[in-house]
Amino acid sequence: MIRRRPFSSLLLLILLLLAALGWQNRSHLQAFPGIVGAYSAKEYCSCRYVANNPADYCQAYVVQYVSLSGFFDDAANKRVTARGLGSTQSAQWLGSREGCQLLPQAAALPEP
């Protein structure tokens, strides 16, 4: 079969190797959706409230290849909430000594 269909055999081998690699790293792949929102919320919070940069600059600073499906900057509470790949995370500025920290429970995003 390999001599008659070398490209199909090679493609099948590559797919099997990718499936085995995915299975071996399944816990890391499951954690990935949470990283997108957490990174955006934490970095935006640090940019905006620790470094005191303007909002437009900080939004450009946290742009990623995987886009966010929701984002809210609660300036009154100095809290940022971001949703990416279905996972919502929040970060809040705690003070000048603590900076920004991810919250264990994400705040609700306002309805559009």
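Residue numbers here run from 1 along each chain, matching the order of that chain's written sequence. A pLDDT threshold of at least 70 governs which residues receive local features in this predicted model, and a stricter bar of 80 or more applies before side-chain atom pairs are shown or counted, although totals over entire chains, interfaces and linings include all residues. The basis for the side-chain values is all heavy atoms of the structure; hydrogens and waters are excluded.

In this text, helices come from DSSP runs of H or I with a minimum length of four residues, and strands from runs of E with a minimum of two, each type numbered from the N-terminal end. Along the chain, Asn-52 falls in the loop between helix H2 (26-50) and helix H3 (55-61). Sequence-wise, Asn-52 and Leu-109 are 57 residues apart; in three dimensions their C-alpha atoms are separated by 23 Å.

Phi at Asn-52 is positive, roughly 55 degrees, even though this residue is not glycine. Unlike most non-glycine residues, Leu-85 shows phi in positive territory, near 55 degrees. Locating Leu-85 in the fold gives a position in the loop between strand E2 (79-84) and strand E3 (87-95).

Ala-41, Tyr-44, Cys-45, Cys-47, Tyr-49, Cys-58, Val-62, Val-80, Ala-82, Ala-91 and Cys-100 together form the largest nonpolar core, which totals 11 residues. If you list the elements that add at least two residues to this core, you get H2 and E2. With residues near it in sequence (within four places) discarded, Tyr-44 still touches Ala-55, Cys-58, Gln-59, Val-62, Phe-71, Asp-73 and Val-80. In this description, a nonpolar core means a group of buried Ala, Val, Leu, Ile, Met, Phe, Trp, Tyr and Cys residues linked to one another through side-chain atoms lying within 4.5 Å. Accessible area is worked out with a 1.4 Å probe on protein chains only. A residue is then buried under 20% of its type maximum, exposed over 50%, and partly exposed in between. Should any heavy atoms of two residues lie within 4.5 Å, those residues are counted as being in contact.

So, about the state of the cysteines. For the purposes of this analysis, a disulfide is any pair of cysteine sulfur atoms at a distance within 2.5 Å. One pass over the structure, following the stated rule, counts 2 disulfides. Between the sulfur atoms of Cys-45 and its disulfide partner Cys-100 the distance amounts to 2.1 Å. One quick way to see it: the torsion about the S-S bond of Cys-45 and Cys-100 is about -75 degrees, and its sign makes the bridge left-handed. One end of the pair, Cys-45, is in helix H2; the other, Cys-100, is in strand E4 (residues 99-102), and 55 residues separate them in sequence. Like Cys-100, Cys-45 is buried. Shown here is the disulfide that connects Cys-47 with Cys-58, its sulfur atoms set 2.2 Å apart. With the S-S dihedral at roughly -85 degrees, the linkage between Cys-47 and Cys-58 falls on the left-handed side. Note that Cys-47 is positioned in helix H2 and Cys-58 in helix H3, a separation of 11 residues in sequence. The exposure class assigned to Cys-58 is buried, which follows from its relative accessible area of 0%. The cystine pairing of the protein, numbering bonded cysteines in sequence order, is 1-4, 2-3.

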